[in-house]
Amino acid sequence: MTMKKTRSLFTLLAVGIMIWEGCSKKEEPPPSTEGYSVNGGTTSHKNGSICMDCHNASATTTYQWVVAGSVYKPDQTTPAPNGILFFWTKANGTGDIISTLEIDANGNFFTNVSILPGLGAYPQLRGVSGDVKNMPVLATTGNCNSCHGVTDDPIWVN
Ligand code: HEC
Ligand code: HEC
């Protein structure tokens, strides 16, 4: 568990460095929230919308998110900032951690990095209070708000 956690942190770090190096050829370094959400970040918008309606390859947005969505408090209306998403190989926080993604200060999460395997992963949400919520079935798309808030309850946590 600790080893796996350490390894996934290393992966994140490696990805971070790759992004930084990839973008460092431009004139100015981009803000750290450009490629993926971080706790405390404020660059996102449009809570609850289906992010990939706009942020997709055929649209005119600059950024194409691979995984994106919104997280709410138990009232399912107030955004819940600064939790963390873990993506597991098996249901209910079992198997291996594939990747992690921090939720920003607006209660949104997003990344343009391919952090989900093609077959999908089991999302687990850990709120700032320590509350843990597991998605019981495989998420096969990173467009989380295409179900949550539409055909299913919004994603929520304490
Ligand atoms: C109606 C279209 C639309 C929807 C829906 C939408 N966005 Fe955006 N978003 C944009 C446009 C346009 C921009 C400006 C930058 C660009 O072209 O990508 C933007 C910019 C952003 C940025 C700023 C990137 C940066 O650092 O400059 C973030 C972060 C972001 N969106 C996240 C989200 C998230 C998360 C969702 C879903 C909760 C979402 N967006 C839904 C259209 C949309
Ligand atoms: C195909 C529809 C669908 C997609 C796409 C989807 N989910 Fe879910 N999710 C569900 C269903 C159904 C449940 C169980 C019932 C419920 O809680 O709404 C669930 C439950 C959850 C839960 C536990 C309950 C909660 O609200 O906290 C979390 C966390 C979650 N999903 C996160 C995600 C994340 C993150 C993504 C995107 C990577 C995602 N889901 C994509 C359908 C979906």
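Right, let's walk through the structure included here. (Residues numbered from 1 in each chain as written. Chains lettered and ligands numbered in written order. Predicted model: local features only at pLDDT ≥ 70, side-chain atom pairs only at ≥ 80, totals over all residues. Heavy atoms only, no water.)

**Observations concerning the overall build of the protein chain**
Point 1. Across its full length, the protein chain carries one helix and seven strands.
Point 2. Reading the protein chain from its N terminus to its C terminus gives the helix and strand order α-β-β-β-β-β-β-β.
Point 3. Within the protein chain, buried positions represent 34% of all 158 residues.
Point 4. Counting contacts in the protein chain only where the partners sit at least 6 residues apart, residues at least 24 apart contribute 62% of the total.
Point 5. Counting only carbon and sulfur atoms, one obtains 59% of the accessible surface of the protein chain, whose full area is about 9000 Å². (Helix = DSSP H or I, 4+ residues; strand = E, 2+ residues; numbered from the N terminus. Buried < 20%, exposed > 50% of the residue type's maximum accessible area, 1.4 Å probe, protein only. Contact = heavy atoms within 4.5 Å. Areas by Shrake-Rupley, 256 points an atom, 1.4 Å probe, with all protein chains shown as cover.)

**Here we look at the site of ligand 2**
Point 1. Every one of the 18 residues lining ligand 2 counts as a neighbour, but Met135, Cys144, Cys147, His148 and Trp156 are closest to it.
Point 2. A distance of 2.8 Å separates a nitrogen atom of ligand 2 from a polar atom in the side chain of histidine 148.
Point 3. At a separation of 2.9 Å, an oxygen atom of ligand 2 approaches a polar backbone atom of tryptophan 156.
Point 4. Among the elements of the structure, strand E2 (84-90), strand E5 (122-126), strand E6 (132-134) and strand E7 (155-156) are those that each provide at least two residues to the shell around ligand 2.
Point 5. Partitioned by chemical class, the residues of the shell around ligand 2 number 12 nonpolar, three polar and three charged. (Near = heavy atom within 4 Å. Polar contact = N/O pair within 3.5 Å; in protein donor to acceptor, adjacent residues only side chain to side chain. Nonpolar A, V, L, I, M, F, W, Y, C, P; charged D, E, K, R; others polar.)

**A few points about the pattern of salt bridges**
Point 1. A full pass over the atoms with the stated rule returns one salt bridge.
Point 2. Here lysine 133 and aspartate 131 are joined by a salt bridge, their closest N and O atoms 3.2 Å apart. (Salt bridge = Lys/Arg side-chain N within 4 Å of Asp/Glu carboxyl O.)

**Description of the packing of aromatic side chains**
Point 1. Overall, the coordinates contain two aromatic pairs when judged by the stated rule.
Point 2. An angle of 5 degrees between the planes, with centres 5.5 Å apart, marks the rings of tyrosine 63 and tryptophan 65 as stacked.
Point 3. The class of tyrosine 63 is partly exposed, set by a relative accessible area of 28%.
Point 4. Judged by its relative accessible area of 13%, tryptophan 65 falls in the buried class. (Phe/Tyr/Trp six-rings, centres within 6.5 Å; stacked < 30°, edge-to-face > 60°.)

**Focus: the coordination of the iron atom of ligand 1**
Point 1. Taken together, His45 (NE2) and His55 (NE2) make up the protein donors of the iron atom of ligand 1, found 1.9 to 2.0 Å from the metal.
Point 2. Bound by six donor atoms, the iron atom of ligand 1 shows angles of 86 to 179 degrees at the metal and therefore octahedral coordination geometry. Of this pair, histidine 45 sits in the loop between helix H1 (2-23) and strand E1 (67-72) while histidine 55 sits in the loop between H1 and E1, placing them 10 residues apart in sequence.
Point 3. Here histidine 45 falls in the partly exposed class, since its relative accessible area comes to 48%.
Point 4. Under the relative-accessibility criterion, histidine 55 is labelled buried at 13%. (Donors = N, O, S within 2.8 Å, 3.2 Å for Na, K, Ca; no water. Tetrahedral: all angles 85-135°; square planar, octahedral: opposite > 155°, others 65-115°.)

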